[in-house]
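Structural description and commentary
Each chain, written out:
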Amino acid sequence: MSKNKIHDLIMIILGNFVVACSVSFFILPNNILTGGVAGVAVALHPVLPIDTVLMIDGLTIGLFILGALLLGKQFAMKSVISTIVYPVFVTGLSQVATMFPKDTFVMPAYEATIRSGVLVGIGLGLVFRVNSSTGGMDILALILHKYLKIPEGTSVMIVCRFTSLTMTTISSTAKW
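Let me sum up the structure you'll find in this document. (Residues numbered from 1 in each chain as written. Predicted model: local features only at pLDDT ≥ 70, side-chain atom pairs only at ≥ 80, totals over all residues. Heavy atoms only, no water.)

As for the overall build of the protein chain
The cut-off we apply is this: By the criteria applied, helices consist of DSSP H or I runs no shorter than four residues and strands consist of E runs no shorter than two, each listed in order from the N terminus. In this treatment the radius of gyration is a C-alpha quantity, and the globule benchmark scales as 2.2 Å times the residue count to the 0.38 power. For each residue, the accessible area found with a 1.4 Å probe, counting protein chains only, is set against the maximum for its type, and the residue is called buried under 20%, exposed over 50%, and partly exposed in between. It only takes one pair of heavy atoms within 4.5 Å for two residues to be counted as in contact. Here, Shrake-Rupley sampling with a 1.4 Å probe gives the accessible areas, and only protein chains in the shown set may cover a residue. The charge count treats Lys and Arg as positive and Asp and Glu as negative. His and the chain ends do not count. By convention, the charge on Lys lies at NZ, on Arg at CZ, on Asp at CG and on Glu at CD.
Within the protein chain, the secondary structure is distributed over 7 helices and 0 strands. Moving toward the C terminus, one meets the helices and strands of the protein chain in the order α-α-α-α-α-α-α. Taking 2.2 N^0.38 as the reference for a compact globule, 176 residues should give roughly 16 Å; the C-alpha atoms of the protein chain span a radius of gyration of 16 Å, in line with that estimate. Seen through its C-alpha atoms, the protein chain measures out along the principal axes to roughly 50 × 35 × 25 Å. Within the span of the protein chain, comprising 176 residues, buried residues form 44% of the whole. Expressed as a percentage of contacts within the protein chain between residues at least 6 apart in sequence, the contacts between residues at least 24 apart total 70%. A total accessible area of about 9700 Å² is found for the protein chain, and carbon and sulfur atoms account for 71% of it. Looking at charge distribution, the protein chain has the averaged site of its 11 positive side-chain charges lying 10 Å from that of its 7 negative ones.

This is the structure:
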């Protein structure tokens, strides 16, 4: 394996680990609605009583399949790593989080949002830097980028905003 491929692999794995830390230690314990797969799982949980970690795993795999179909073989080859390691990291780190005292990671929503946002930004940056994906909602952003020629950063913001608004609506409706 070439030096560049090893570097790319390390960045993809490290980026996914950082994003999974954000999800497992800040987003899930605080039920933060984000524009990502974790936020979708948190919002859908009251409507679909499926474990949020299991829902994250399923959505990640489904989005990977969509990305492979619409973004091609090269995308799929680089993103298959994320599709495997991200759910494994979220599942494993969520188990680690349960080993701490009950409310260790519970904090005010604004604090959890800031902490998770910083970590997700760092993790996505590491993965995007090597032209890959974390296998989550950023696949939708990459589809927008490819077919509508919207810059990647803008398309990520569009997808995040759209999913956040949609999930907020679903979540608030489900609480009635």
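Here the narrative resumes.
Observations concerning helix 4 (residues 73–98)
What counts here: One less than the residue count of a helix, multiplied by 1.5 Å, gives the span that helix is expected to have. Consider a residue and the seven residues that end there alongside the seven that start there; fitting an axis to each set, the bend is the angle between those axes.
For helix 4, with 26 residues, the first-to-last C-alpha span of 38 Å sits near the 38 Å given by 1.5 Å per residue. Along its length, helix 4 reaches its greatest deviation from straightness, about 40°, at Ser 79. Looking at helix 4, one finds that the buried residues are Phe 75, Ala 76, Ser 79, Ser 82, Thr 83, Val 85, Tyr 86, Pro 87, Val 90, Leu 93, Ser 94 and Ala 97.

Description of the pattern of salt bridges
Counted only if it meets this: Take a side-chain nitrogen of Lys or Arg and a carboxyl oxygen of Asp or Glu: if they are within 4 Å of each other, that pair is a salt bridge.
Under the counting rule described, the total for this entry stands at 1 salt bridge. The residue Glu 111 makes a salt bridge to Arg 115 at a minimum N-O spacing of 2.9 Å. Of this pair, Glu 111 and Arg 115 both sit in helix 5 (residues 109–129), 4 residues apart, which is roughly one turn of that helix.

Let's talk about the packing of aromatic side chains
Each pair of aromatic rings is reported with the distance of its centres and the angle of its planes. We apply this condition: Each pair of aromatic rings taken from Phe, Tyr and Trp, with Trp reduced to its six-membered ring, is defined by centres within 6.5 Å and is described as stacked if the planes are under 30 degrees apart, edge-to-face if over 60, and tilted in the remaining cases.
If you walk through the whole model with that rule in mind, you get 3 aromatic pairs. Each member of the aromatic cluster is reached from another via a ring pair, and the members are Phe 25, Phe 100 and Phe 105.

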